[in-house]
Amino acid sequence: GDSVTQMEGPVTLSEEAFLTINCTYTATGYPSLFWYVQYPGEGLQLLLKATKADDKGSNKGFEATYRKETTSFHLEKGSVQVSDSAVYFCALSSGSARQLTFGSGTQLTVLP
Amino acid sequence: SQTIHQWPATLVQPVGSPLSLECTVEGTSNPNLYWYRQAAGRGLQLLFYSIGIDQISSEVPQNLSASRPQDRQFILSSKKLLLSDSGFYLCAWSEWKWDTIYFGEGSWLTVV
C-alpha cells in the first residue's frame, strides 16, 4: 500500500536558518504530493502541492519538488521565521484513493 | 470561495456520554467529506469518508459513526464515549472529482 516517510523531529532552528524536511514515499501509479502545516491548536492548512514529476510547489517561501526518480518531496525554505514554528505533514494521494496518506509529522521550532 | 466550519471547537465529555460533532461546507456542491482523528503524537487517522448523502465508508471499526443528512453537512457521533476517544477531530472536504483535501479548524474532545 501507499506510505509516506518523513524526517523525525523535533527540528529546532534559529531565525533565518535554512530549512529542509525530508519526505519520501511509496505509491502505485503517479500520486499527487502535498505538504500541510498545522499551527498550534489549529487544523491543517494546505501549504503546497505538486501533481506530476518535476513539478515544484511553492508558497510563503516554502518549496518542494516532486522527484519521481528518488520518490521524494522534500520541503525547503531559505530563511525561516519564528512564525514558521508548526508541525509539517507530508502526504500523498493515489488516483483511485479517496483519502490522503500522511507522514507522521515533523515539529519545527524556530528560535529568535 | 469555499469554506468549512466545524463545531464545537472544544468539548469535555464524561465516559459513556453521547457525542455529536458537526461540520458544514459552503461554496461548493456534492463535495467529498471526511472525518479524521489526530491523537497525541500527531498521527492522522481517517475515520470516515462520504461521496454523497447517506453514502459513508468507515475506515476504522470503533464506537463512532458518521452521517450525512444533507449534501454539505457531515456529523460525527457516538452513543457512548470511551476514554480512548479523546483527541483532535478534523473535518475535511474535497471536490467531487477529488484532488486536494481542505481541513476545518478542528474540535478538541476530552473524555473524562
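Let me begin by describing the structure that accompanies this report. All values derive from a computational prediction rather than experimental measurement.

Next up on the list: the pattern of salt bridges. Two side chains bearing opposite charge may form a pair once their charged atoms approach each other closely. All chains considered together, the criterion is met by six salt bridges over all chains. One salt bridge connects Lys-77 of chain A with Asp-84 of chain A, and the closest N-O pair in it is separated by 2.7 Å. Across this residue pair, the class does not change: Lys-77 of chain A and Asp-84 of chain A are buried. Across the pair Arg-68 of chain B and Asp-71 of chain B runs a salt bridge, and its minimum N-O distance is 3.3 Å. The buried category is assigned to Arg-68 of chain B, whose relative accessible area is 0%. Using a relative accessible area of 24% as the deciding quantity, one classes Asp-71 of chain B as partly exposed.

Among the nonpolar cores identified, the biggest contains 26 residues, and Trp-35, Leu-47, Leu-48, Phe-73, Leu-75 and Tyr-88 of chain A are the most heavily contacted of them. Put simply, the parts of the chain that give this core at least two residues each are strand 2 (11-14), strand 3 (19-21), strand 4 (23-26), strand 5 (32-38), strand 6 (44-50), strand 8 (62-65), strand 10 (86-93) and strand 12 (106-111) of chain A. If you tally residues by element for this core, the top one is strand 10 of chain A, at four residues. In this structure, Leu-11, Leu-33, Trp-35 and Ala-66 of chain B belong to the second largest nonpolar core, which totals 20 residues.

Quick look at the state of the cysteines now. In the structure shown here, the tally under the stated rule is two disulfides over all chains. Each sulfur of the disulfide joining Cys-23 of chain A and Cys-90 of chain A lies 1.9 Å from the other. Every disulfide takes its handedness from the sign of the S-S torsion; for Cys-23 of chain A and Cys-90 of chain A that torsion is -70°, giving left-handed. Separated by 67 residues along the polypeptide, Cys-23 of chain A in strand 4 and Cys-90 of chain A in strand 10 bring together distant segments of the chain. The class for Cys-23 of chain A is buried, based on a relative accessible area of 1%. Residue classification places Cys-90 of chain A among the buried residues on the basis of a relative accessible area of 1%. Put simply, Cys-23 of chain B and Cys-91 of chain B are joined by a disulfide, and their sulfur atoms are 2.0 Å apart.

The next subject is the sheet that holds strand 7 (residues 64-70) of chain B. All names here are of chain B. Read from one edge to the other, the open sheet built from four strands follows the order 1-3-8-7, with strand pairing classed as antiparallel. At either margin of the open sheet sits one strand with a lone partner, and together these are strand 1 (3-7) and strand 7. Strand-to-strand twist across the sheet, computed as the mean angle between neighbouring axes with direction ignored, equals 20°. Two strands pair when backbone bridges link them, and strand 7 and strand 8 (residues 73-78) are joined in this way by five bridges, in the antiparallel orientation. Its bridge partner lying in strand 8, Ala-66 is registered against Leu-76.

Turning to the packing of aromatic side chains, a few remarks are in order. A complete count under the given rule lists 14 aromatic pairs over all chains for this structure. When the centroid spacing of 5.9 Å and the interplanar angle of 55° are considered together, the rings of Tyr-36 of chain A and Phe-102 of chain A count as tilted. Residue Tyr-36 of chain A is found in strand 5, and its partner Phe-102 of chain A is found in strand 11 (residues 101-102); the two are separated by 66 residues along the sequence. For Phe-102 of chain A, a relative accessible area of 12% puts it in the buried group. Where Phe-102 of chain A meets Tyr-36 of chain B, the ring centres are 5.8 Å apart and the plane angle is 90°; that geometry is what we call edge-to-face. With one member in each of two chains, Phe-102 of chain A in strand 11 and Tyr-36 of chain B in strand 4 (residues 32-38) form a pair that bridges those chains. Taken as a pair, Phe-102 of chain A and Tyr-36 of chain B share a single burial class, namely buried. Among the aromatic residues, those joined into a ring-pair cluster are Phe-34, Tyr-36, Phe-89 and Phe-102 of chain A together with Tyr-34, Tyr-36, Tyr-49 and Phe-103 of chain B.

About the criteria used
- Residues numbered from 1 in each chain as written.
- Chains lettered and ligands numbered in written order.
- Predicted model: local features only at pLDDT ≥ 70, side-chain atom pairs only at ≥ 80, totals over all residues.
- Heavy atoms only, no water.
- Salt bridge = Lys/Arg side-chain N within 4 Å of Asp/Glu carboxyl O.
- Buried < 20%, exposed > 50% of the residue type's maximum accessible area, 1.4 Å probe, protein only.
- Core = buried A, V, L, I, M, F, W, Y, C linked by side-chain atoms within 4.5 Å.
- Helix = DSSP H or I, 4+ residues; strand = E, 2+ residues; numbered from the N terminus.
- Disulfide = S-S within 2.5 Å.
- Pairing = 2+ DSSP bridges.
- Axes fitted to C-alpha atoms, helices over the stretch in contact; angles between N-to-C directions.
- Phe/Tyr/Trp six-rings, centres within 6.5 Å; stacked < 30°, edge-to-face > 60°.

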